[in-house]
Amino acid sequence: CTGPLKSQDSWSGECTYGQSSGAKTFVLFGDSHGGMWSTSIDLAGRRGGWRLRVFMQTACPAPRITFFMNDGVPDTGCNDFREAAIAAIVASTPDVVVVTSRTFGSVGKNAFASAEEWQAGPSAVLGDLKASGAKLIVLGDVPVLAQSAPECLAAHQQDVARCATPRATALQGVYQEAEQAAAAANGATYVDPTSWFCTKICSPIIGGILVYRNRFHITATYAAFLSGAVRAAIGPL
């Protein structure tokens, strides 16, 4: 667990990042869309004197919904990980829990979770996490590009605009209102990250930095760039 955060399919809070002797403990809980923010919160923690523990499993969003794998089989392993993570987080009584995941996922063959499911699923999890006594933060999902940034930029090296996506298009299927409602119902703070990525368009390059490493995930470099914004969004403790 030394050095940069590891690239693993699953983290179960076994490693401490940020300030190992910090006065405040942060937890980051979610899937790969949660893990991609670990760099931001790790750096923010080093500046603020926080400890960070990461509970993350790839392709396993935090909401209490049974998702399906690519072969159409229910991902019961995800359900097991989620419940074990919630129990471990509550038992550890952290100061802050940041919950963030992709806001789309298969709930059956060729079927994706609805906005209604995405309000009920996070609400159920947040309701359980309240027992930890922590300040709860829901960090909304990022806008989704129409095409993968590295491949598009490689094909259009002199025309970055060809690889941008209109904001309205990038937010289709990103259930911000549902997550915001779930957060409000459970006394959690909702953070909308859209302005960190988009004006009227969402660009794959901002300030000379490659923002996305595919369509859905941000680069560690841009996550590091956003660490100050993330810390400000979390607010005073």
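Keep in mind it's a predicted model, so treat the numbers as computed, not measured.

Here is what the cut-offs are and how they apply
- Residues numbered from 1 in each chain as written.
- Predicted model: local features only at pLDDT ≥ 70, side-chain atom pairs only at ≥ 80, totals over all residues.
- Heavy atoms only, no water.
- Disulfide = S-S within 2.5 Å.
- Helix = DSSP H or I, 4+ residues; strand = E, 2+ residues; numbered from the N terminus.
- Buried < 20%, exposed > 50% of the residue type's maximum accessible area, 1.4 Å probe, protein only.
- Axes fitted to C-alpha atoms, helices over the stretch in contact; angles between N-to-C directions.
- Parallel < 35°, antiparallel > 145°, perpendicular 65-115°, else oblique.
- Left-handed = near helix turned anticlockwise from the far one by under 90°.
- Contact = heavy atoms within 4.5 Å.
- Nonpolar A, V, L, I, M, F, W, Y, C, P; charged D, E, K, R; others polar.
- Salt bridge = Lys/Arg side-chain N within 4 Å of Asp/Glu carboxyl O.
- Core = buried A, V, L, I, M, F, W, Y, C linked by side-chain atoms within 4.5 Å.
- Pairing = 2+ DSSP bridges.
- pLDDT = per-residue confidence, 0-100.

Here we take up the state of the cysteines. A complete count under the given rule lists three disulfides for this structure. Residue pairing for Cys152: its cysteine sulfur links by disulfide to Cys163, the two sulfurs lying 2.1 Å apart. An S-S torsion of about -95° defines the bridge between Cys152 and Cys163 as left-handed. Taken together, the residues span a long stretch of sequence, with Cys152 in helix α5 (residues 149–155) and Cys163 in the loop between α5 and β8 (165–166) at a distance of eleven residues. The exposure class of Cys163 is buried, given its relative accessible area of 1%. The disulfide partner of Cys198 is Cys202, and the S-S distance across this bridge is 1.9 Å.

At a minimum axis separation of 8 Å, helix α4 (residues 115–129) and helix α7 (residues 176–185) run at an interaxial angle of 30°. On the basis of the axis angle, α4 is roughly parallel to α7. Where α4 crosses over α7, the handedness of that crossing is right-handed. Across from Ala115, Trp118, Gln119, Pro122, Ser123 and Leu126 in α4, the residues of α7 making contact are Ala178, Glu179, Ala181, Ala182, Ala183 and Ala185. Looking at side-chain class alone, the contact of α4 with α7 contains nine nonpolar, two polar and one charged residues.

What follows is about the pattern of salt bridges. Applying the stated criterion to the full structure yields four salt bridges. Linking Glu83 and Arg64 is a salt bridge whose minimum nitrogen-to-oxygen distance equals 2.9 Å. Taken together, the positions of Glu83 in helix α3 (residues 76–92) and Arg64 in the loop between β3 (50–57) and α3 put the pair 19 residues apart, joining distant regions of the chain. A single salt-bridge network, built from bridges that share partners, covers Arg64, Glu83 and Asp128.

At a closest axis distance of 9 Å, the pairing of α3 and α4 adopts a crossing angle of 30°. The angle between α3 and α4 places the two elements in the roughly parallel class. Counted together, Arg82, Ile86, Ile89 and Val90 of α3 and Val125, Asp128 and Leu129 of α4 form the full contact between these two elements. Among the residues forming the contact of α3 with α4, the class breakdown is five nonpolar, no polar and two charged.

Turning our eyes to something else, we now look at the nonpolar core. Counting 38 residues, the largest nonpolar core has Trp37, Val98, Trp196 and Phe197 as its most contacted members. Broken down by element, the residue count for this core peaks at four residues, all from β3. If we skip the residues at most four places from it in the chain, Val98 touches Val27, Leu28, Phe29, Ile41, Ile137, Leu139 and Ile234. Among the nonpolar cores identified, the runner-up in size contains 22 residues, and Phe55, Ala62, Phe81 and Val97 belong to it.

Quick look at the sheet that holds strand β2 (residues 24–30) now. Backbone-to-backbone hydrogen bonds join strands into a sheet, with any given pair of strands oriented parallel or antiparallel. Spatially, β1-β3-β2-β4-β7-β9 is the arrangement adopted by the six strands of the open sheet, whose pairing is mixed. Strands with a single pairing partner mark the edges of an open sheet, and in this sheet they are β1 (10–18) and β9 (189–191). For this sheet the average axis-to-axis angle between neighbouring strands, irrespective of direction, equals 20°. Alignment of β1 against β3, held across six bridges, turns out to be antiparallel.

For the protein chain, the mean per-residue pLDDT works out to 90, and 94% of the residues sit at or above 70. When pLDDT is averaged over each element of the protein chain, β8 comes out on top at 98 and strand β5 (residues 106–108) at the bottom at 67.

Each regular strand displays side chains that alternate between the two surfaces of the sheet. Most of β2 is tucked away, with six of its seven residues classed as buried. In the sheet, β2 pairs with β3 via seven bridges, with the strands oriented parallel. Paired with Phe26 across the strands is Leu52, a residue of β3. Note that β2 and strand β4 (residues 96–100) share five bridges and pair parallel. Among the inter-strand pairings, Gly30 is bridged to a residue of β4, identified as Thr100.

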